[in-house]
Amino acid sequence: MIRTQCLLPALWLLGWIHLLVVLGGVPSAWALNLDAAQPALYMGPDGSHFGFALDFYQDDYGGIGIVVGAPRAVGRAGEETGGVFLCPWAAKGSNCSTLKFDLDDKNNSVGVIIFKTFKANQGLGASVVSWKDIIVACAPWQHWNVLELTEEAGKTPVGSCFVAQPKSGRRAEFAPCRETAMNQLYLGNYRRDLRYCEVGFSSTVTQSGELVLGAPGGYYFIGLLARAQLSDIMSSYTTSSLLWTVPSQRLSKDVFRPEYRDAYRGYSVAVGEFNGNPKDTEYVLGVPNWSTTLGAVEIFYQNHSILHLLQGEQVGRRGNLDVFLFLTLPPMPTDLLVGAFGANRVAVYRAQPVVWATVRLLVPEVLNPTVKNCTLFNPKTTVAVSCFKIQMCMSITGHSIPEKLRINAELQLDRMKPRQGRRVLLLGSRQSGTTLDLELSSGNVPFCHDTEAFLRDEAEFRDKLSPIVISLNVSLKSKGAEGPLPLILKGDTHVQEQTRIILDCGEDDLCVPQLQLNASVEGSPLVIGADNVLKLQVDTSNEGEGAYEAELAVHLPQGSHFMQALSDIKNFEKLLCIQKKENESQLVLCELGNPMKKDARIRVLMLVSIGNLEEAGDSVSFMLQIKSKNRQNPNSEAFLLEVPVRAKALVELFGNSFPATLVFSPPPEETLRNKDPTTVNRNTHKTEDTSKVEHAFELHNQGPGAVSGLQLWVGFPSRSENDDLLYVLDVQGHEGLQCSVQPPPNPFNLKVGQPTPAPSSTPAHPFQHERERRSAFIPEHLGPSGLQEPTLLNCDAWPCTWVECELKQMERGQRAMLTISTMLWMPGLLKRPLEQFVLQSKAWFNVSGLPYDVPAESLPHGDVVVETKLLQVRLEETEIPTWWVVVGVIGGLLLLILLILVMWKVGFFKRNRPPLEEEEEEE
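What you see is a predicted model, and the numbers here were worked out from it, not measured in a lab. (Residues numbered from 1 in each chain as written. Predicted model: local features only at pLDDT ≥ 70, side-chain atom pairs only at ≥ 80, totals over all residues. Heavy atoms only, no water.)

Participant: Give a detailed account of the overall build of the protein, specifying residues and quantitative values.
Facilitator: Counting its secondary structure elements, the protein contains nine helices and 60 strands. Taken over 923 residues, the protein has a buried fraction of 45%. Taken as a whole, the protein presents about 48200 Å² of accessible surface, with 51% of it coming from carbon and sulfur. (Helix = DSSP H or I, 4+ residues; strand = E, 2+ residues; numbered from the N terminus. Buried < 20%, exposed > 50% of the residue type's maximum accessible area, 1.4 Å probe, protein only. Areas by Shrake-Rupley, 256 points an atom, 1.4 Å probe, with all protein chains shown as cover.)

Participant: A description of the pairing of strand E4 (residues 83–88) should follow, citing residues and the corresponding values.
Facilitator: Extensive coverage of E4 is indicated by the burial of five of its six residues. As judged from the two bridges shared by E4 and strand E5 (residues 97–98), these two strands associate in the antiparallel manner. In the strand pairing of E5, Leu86 is matched with Ser97. (Pairing = 2+ DSSP bridges.)

Participant: Run through the state of the cysteines, naming residues and quoting values.
Facilitator: As enumerated under the stated definition, the model contains nine disulfides in all. Bridging Cys138 to Cys161, the disulfide has an S-S length of 2.1 Å. Taking the torsion about the sulfur-sulfur bond, which here is approximately 100°, the covalent link between Cys138 and Cys161 counts as right-handed. Taken as a pair, Cys138 in strand E9 (residues 134–139) and Cys161 in strand E12 (residues 160–165) lie far apart in primary sequence, 23 residues in all. (Disulfide = S-S within 2.5 Å.)

Participant: Lay out the nonpolar core with the relevant residues and their values.
Facilitator: One finds Met606, Phe622 and Leu712 to be the most contacted residues of the largest nonpolar core, which totals 79 residues. In this structure, Leu712 is in contact with Leu653, Leu699, Leu737, Val803, Glu804, Cys805, Leu818, Ala843, Trp844 and Phe845, ignoring residues within four places of it in sequence. (Core = buried A, V, L, I, M, F, W, Y, C linked by side-chain atoms within 4.5 Å. Contact = heavy atoms within 4.5 Å.)

Participant: Please give an account of the sheet that holds strand E38 (residues 550–556) that cites residues and values.
Facilitator: Read across the sheet, six strands follow the order E36-E44-E43-E38-E41-E40 without closing on themselves; strand pairing throughout is mixed. The open sheet has two edge strands, strand E36 (526–527) and strand E40 (577–582), and neither has a second partner. As paired strands, E38 and strand E43 (residues 619–627) are joined by five bridges and run antiparallel to one another. Residue Leu552 lies in a different strand from E43, and its bridge partner there is Ile626.

Participant: Go over the environment of Asn749 with me, naming the residues and quoting the values.
Facilitator: Structurally, Asn749 is set in the loop between strand E52 (738–742) and strand E53 (751–752). Looking at Asn749, the relative accessible area reads 53%, which means it is exposed. Spatially, the C-alpha atom of Asn749 lies 8.1 Å from that of Leu729, the residues being 20 residues apart in sequence.

Participant: For the environment of Leu337, give the residues involved together with the corresponding values.
Facilitator: If you trace the backbone, Leu337 turns up in strand E22 (residues 336–340). Each C-alpha atom, one on Leu337 and one on Val348, is 4.8 Å from the other, the two residues being eleven residues apart in sequence.

Participant: Explain the pattern of salt bridges to me, using residue names and the numbers behind them.
Facilitator: In total, this model carries 22 salt bridges according to the counting rule given. We note a salt bridge from Asp59 to Lys167, for which the minimum N-O separation is 3.8 Å. Linking Asp59 in the loop between strand E2 (53–58) and strand E3 (64–70) with Lys167 in the loop between E12 and strand E13 (170–174), this pair joins segments that are 108 residues apart in sequence. A salt bridge links Lys417 to Asp463; the nearest nitrogen and oxygen atoms lie 2.6 Å apart. Of this pair, Lys417 sits in the loop between strand E28 (404–413) and strand E29 (424–426) while Asp463 sits in the loop between strand E31 (443–455) and strand E32 (468–476), and the two are 46 residues apart along the sequence. Residue classification places Asp463 among the buried positions, given a relative accessible area of 10%. Shared partners join several salt bridges into a network, and the residues in it are Asp414, Lys417, Arg423 and Asp463. (Salt bridge = Lys/Arg side-chain N within 4 Å of Asp/Glu carboxyl O.)

Participant: Outline unusual backbone geometry, listing residues and values.
Facilitator: The residue after Ser524, namely Pro525, is reached through a cis peptide bond having omega 0°. By the secondary structure assignment, Pro525 is in the loop between strand E35 (515–522) and E36. Residues Asn594 and Pro595 are joined by a peptide bond in cis, for which omega reads 5°. The topology assignment puts Pro595 in the loop between strand E41 (585–593) and strand E42 (601–610). In this model, Arg192 sits at a positive phi of 50°, which is unusual for a non-glycine residue. For Arg192, the location among the structural elements is in the loop between E13 and strand E14 (202–205). Residue class for Arg192 comes out partly exposed when judged on its relative accessible area of 45%. Of note in the backbone geometry, Glu549 takes a positive phi value of approximately 55° without being a glycine. The residue Glu549 is located in the loop between strand E37 (532–542) and E38 in this model.

Participant: Tell me about the packing of aromatic side chains, residues and numbers included.
Facilitator: For the coordinates displayed, the defined rule picks out 17 aromatic pairs. Ring plane angle 35° and centroid distance 6.0 Å describe the contact between Phe748 and Trp825, whose orientation is recorded as tilted. With Phe748 in the loop between E52 and E53 and Trp825 in the loop between strand E57 (815–824) and helix H6 (826–830), this pair connects stretches of sequence that are 77 residues apart. For Trp825, a relative accessible area of 10% gives the class buried. Taken together, the ring pairs in this structure connect Trp141, Phe201 and Tyr267 into an aromatic cluster. A cation sits over an aromatic face here: Lys155 above Phe118, 4.2 Å from the ring centre. The ring of Phe256 is capped by Arg191, whose NZ or CZ atom sits 4.2 Å from the centre of that ring. (Phe/Tyr/Trp six-rings, centres within 6.5 Å; stacked < 30°, edge-to-face > 60°. Lys NZ or Arg CZ within 6 Å of the ring centre and 35° of its normal.)

Participant: Residue-level account of the sheet that holds strand E11 (residues 151–152), with values.
Facilitator: Overall, antiparallel pairing links the four strands, which are arranged E6-E7-E10-E11 in an open sheet. For this open sheet the edge positions go to strand E6 (106–110) and E11, each flanked by a neighbour on one side alone. Examined bridge by bridge, strand E7 (residues 113–118) and strand E10 (residues 143–148) share six bridges and lie antiparallel to one another. By the bridge assignment, Phe118 is partnered in E10 with His143.

Participant: Which residues make up the confidence of the model for the protein, and what values go with them?
Facilitator: This prediction gives the protein a mean pLDDT of 83; 84% of its residues lie at or above 70. Segment residues 316–322: pLDDT under 50, and 38 contacts once partners within four positions in sequence are set aside and those in other chains are kept. The low-confidence segment residues 324–330, where pLDDT is below 50, has 21 contacts with residues more than four positions distant or belonging to other chains. (pLDDT = per-residue confidence, 0-100.)

Participant: Tell me about the pairing of strand E34 (residues 494–501), residues and numbers included.
Facilitator: Note that strand E25 (residues 366–367) and E34 share two bridges and pair parallel. If you follow Val366 over to E34, its bridge partner there is Arg500. By the bridge criterion, six bridges tie E32 to E34 in an arrangement that is antiparallel. Counted as the bridge partner of Leu472 is Val495 from E34.

Participant: Got a sec to walk through a nonpolar patch on the surface? Specific residues and values, please.
Facilitator: A cluster of nonpolar residues, Val886, Ile890, Leu894, Ile897 and Leu901, forms a patch on the protein surface that exposes about 460 Å² of accessible area. Here Leu894 is to be found in helix H7 (residues 882–905). (Patch = residues over 30% accessible without salt bridge, like charges linked within 9 Å, V, L, I, M, F, W, Y side chains within 5 Å.)

Participant: Give me the lowdown on the side chain of Ser567, citing residues and values where you can.
Facilitator: Considering the arrangement of structural elements, one finds Ser567 in strand E39 (residues 560–567). Separated by 2.7 Å, the side chain of Ser567 and the backbone oxygen of Phe572 make a polar contact. Excluding anything up to four places from it in sequence, Ser567 contacts Phe572, Glu573, Leu575, Ile602, Arg603 and Val604. (Polar contact = N/O pair within 3.5 Å; in protein donor to acceptor, adjacent residues only side chain to side chain.)

Participant: A description of the environment of Asp280 should follow, citing residues and the corresponding values.
Facilitator: Structurally, Asp280 is set in the loop between strand E18 (269–272) and strand E19 (282–287). Sequence separation between Asp280 and Tyr301 is 21 residues, and the spatial gap between their C-alpha atoms is 8.2 Å. Apart from the residues within four sequence positions on either side, Asp280 is in contact with Glu273 and Asn275. For Asp280, the side chain forms a polar contact with the side chain of Asn275, separated by 3.3 Å.

Given below as C-alpha cells:
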C-alpha cells in the first residue's frame, strides 16, 4: 500500500521525493496502475483540515480502513484540539467516525512540583501512522509546563503522540520531550533543551513495530529523532502520572556545530534499508535548514551515527524529504491516499490488478544469404531462399488475476526499416509482420510459438550492414478479470532482438575498405554566359575489403545541373544516380557497388552543365568523395576539384556601302553653262538631287559575355584637295550608340526631296520606248581600255569627317549601328570632269573591359574598311530597233507560259492553294 503524509509546512519538500524513492529502493513506476477516473471520496468537518495527514489501517480480522488527521477539528469544549477519524473502506467512500482520545487538559502533583498539559491548539492529527491494529496520532503543538514554588519550566510546545487500538479500546500516550528541568537550567547555552520539541511533527513505524518521531524544535531548534517500541509504549503507559518511563525510548544526540543551528532535524522522517544489511533498519531525517537553508538529508544507523549526509546545493531552497512519503509492500496491489485538507477531503485511488508478463524472443545471431535452405513457391516458378526460425515464448503472473487470459502478440520483422524496404519476410505470408491471438494460463510456465522467415534476394535491397531488428509486442486482448477495475499489463510488453547478414569480410567479419579517388576535368575554363558543359573524369578504386553501399558523392557548385554519369563497366555503363539538396548545395550520389569489391576499379565520366556564373568568382569547386556504410574506414579522402571561371566576348564590326557603286553623269552642257548642276533653292534649303551614298557600320556582340566601355571611331573622306566631293547630310547612332561628329553634318541644313525624273526616263509603254541612254562618249585621253584608273579617297591623304561613338555596356546578342548619309556634291565633281573615284572609309573599335570580377581572356577590338566606287560617264541618245523590243516581249511571254505549264504538271498549284478553294472545287 502507499501511505501519504500531508504536512502543510512541508509542501516545498517535493524535490526530495525522487531521492528518497531511489535510495529506498522503491520503484515509483508501480504507482502507474492507479485508477484515476474513479477515486473514493471522504469528507470531514468544515475548517478542520481533514486530510492533513492520513494512512491505511488494517485490523486483525482483515478489515481495511483509513485513518485521517484533522489538526484543526473542534473538541467538546469548543476548542481547536484537533482530531482523528477512522473511515471504513468503501468503493465510493462513506461516513467517517471520530477516534476517541482524552482531549482535556491535565494537572498532576508530585510533592511541591505541579505538572500541566495544555491541549488547546495542540494540532492532534498533524501526523498519523498505523501498524497492524495500532494507530498513532500526534499533537506536535501540545504544551507542557512544570511549576515548583516560584520556578517554572515555561509553557512550551513539547508535543505528544496518542496510541490507540480501536478494536480493544486501549489507549496510551508517548511524550518523550517532557521533563522537570526549569528555565534557569538553559540560560546561556540551551544545551539539551527539549522545551520546543514539537515531537510528532513527523512520524513513521518500522516493520518491527518501532515508532519513529521527528521533533524539529528539539535541542533549541536543532531538532532530534525520538523512537520507541509500540509494545513498550502500550505496556508502560499509566494514567496516574504525566511523566513515565518507556524502556526502549531513544533520542538522537545534541549537535554543537554551526551548520546545525536552527536546522530543524526531524522535519520529516522515514525508514528503509540503506547499508546492504537487511537485518538492520536505517532512519532518514529531513534537515531543511541545514547550513543556513542549504538543506540536507541524514541517514542514521540504529546507534544514531550518520551513514550518509546528502547536502543541498542552493541557499534559500530547503531540501527535506517528503510532501508525500510512499510505503510499498512487494508484488501486493497498492492504493494511493491523497489528502486535500484545504477542502477537508480525502481521495482514495484504487490500484488496478497487474498482469506481469515475461516474454522471450529467439532469433539466429547471423543470416547466411548463400545457404538457401527453403523454397518459396511462386505462381509460375519456385525460388530457393535463405530461411531462419523465430521463437516466441511468453508467461504471465499476477495477484488476483484470472487463470487464463487472451493475449495479442504482434511480431514485426526488420522494424527499423520502412515497410516496403524490409529485408526479411515471413515465409508463409511473405509479409513483414503478423499478430497472434493467444490464450495463456497464469503461472511461470512459458508458452512458446515458432514461425519461419526468409531473407530476400540481395538484389532487392541495399543495406547489408545494419542489424535486422525483430520485435514482439504483447497486449491484453480483453479487460481481464470480472470486477470494478480493469487489468494492467506490465513487464516485458515490448522485446526485440536482432540478427545480421554475414559479410564476406574475413574471419573477423569486419570489412575495412581502402577507398581512393582521383579526378580531372575537360571543358575548363568555364566562360560566363556560355553553354558550359564539363566532363568530370573520376577514377575510383578499393584496395581493401568490400565497401557496402558504396557511392560516389559529388557536391556541385551553385548554378550547376547534373546530366548523366557513365562508367567503364560492361553492361553497367549508365550509373544509377540521385540528386538531392544538402546544406543549400546540390549533392549527386552515384552507386558504385554493394559491395564495391576488393581491387575494384571504376572510371566514371560525369557530365555537368553550369550556368549563372556571373557571381561565382574566379573559380568553382567540386567536392568529390567515395562513401560507404562500413563502420571502419568508410570513406575515401575528399578530393577538391577547382575549375577556373573566365569572361569572354566576341564583338564583330561590319561595314557596307549603299550603293557599292554609283554611276553618274554630269548634266548636259547647256546646264553647265546656265546653272549649278545641283538645283538648290537657297530660300527653301531643298535639293532635288538623288545621288546619295550611305555608309553603315554594325557592331554585333556574339557573346557569350557582355562588354563594357565600347568605343567606335569612323573616318569618312568628304573632300578632295580643292573642294567637297560629298556633302554629309546626317550621322545617326542606333541601339544606344552615342556619337559626336566633326565637322558637324549638313552645314547648309539641306532637305532632300523626291527626285524629279526627266520626261524621257519614264516610258508610257514598253513598245513606245525606242531609245535608251548609253555611255557612248569616251574622251581621247582614256585610251582604248575604257575609263581611267580611279582616284582613291581615304583619310590618309584627304580631309575627312570624323565620328566618335561610345556604348556603356553591350549585352550578349545586342547590335548597334552607325549610319553616315551623304550626297554627291556636283560643284566639286564638275571641277574634276570624268575623273573616277574610290571612296574609302575606315572604322575601328575597342572595349575597355568586361563587367565581371573574373579575368577576361581578351578584350575585343577590330576594324573594317568600306569602299564606294564613284564612276562618272557622259550619256548620249541611241536608237533601239523596234523588233528588239517585240522579240524580247514575245520571248518573255513564252518563257512565262512554259513555266506555268510545268508547275501545273507537277501539281504545285493544288498543293499550295488554300483549303477553302479545294473544298469549293470538290463541290
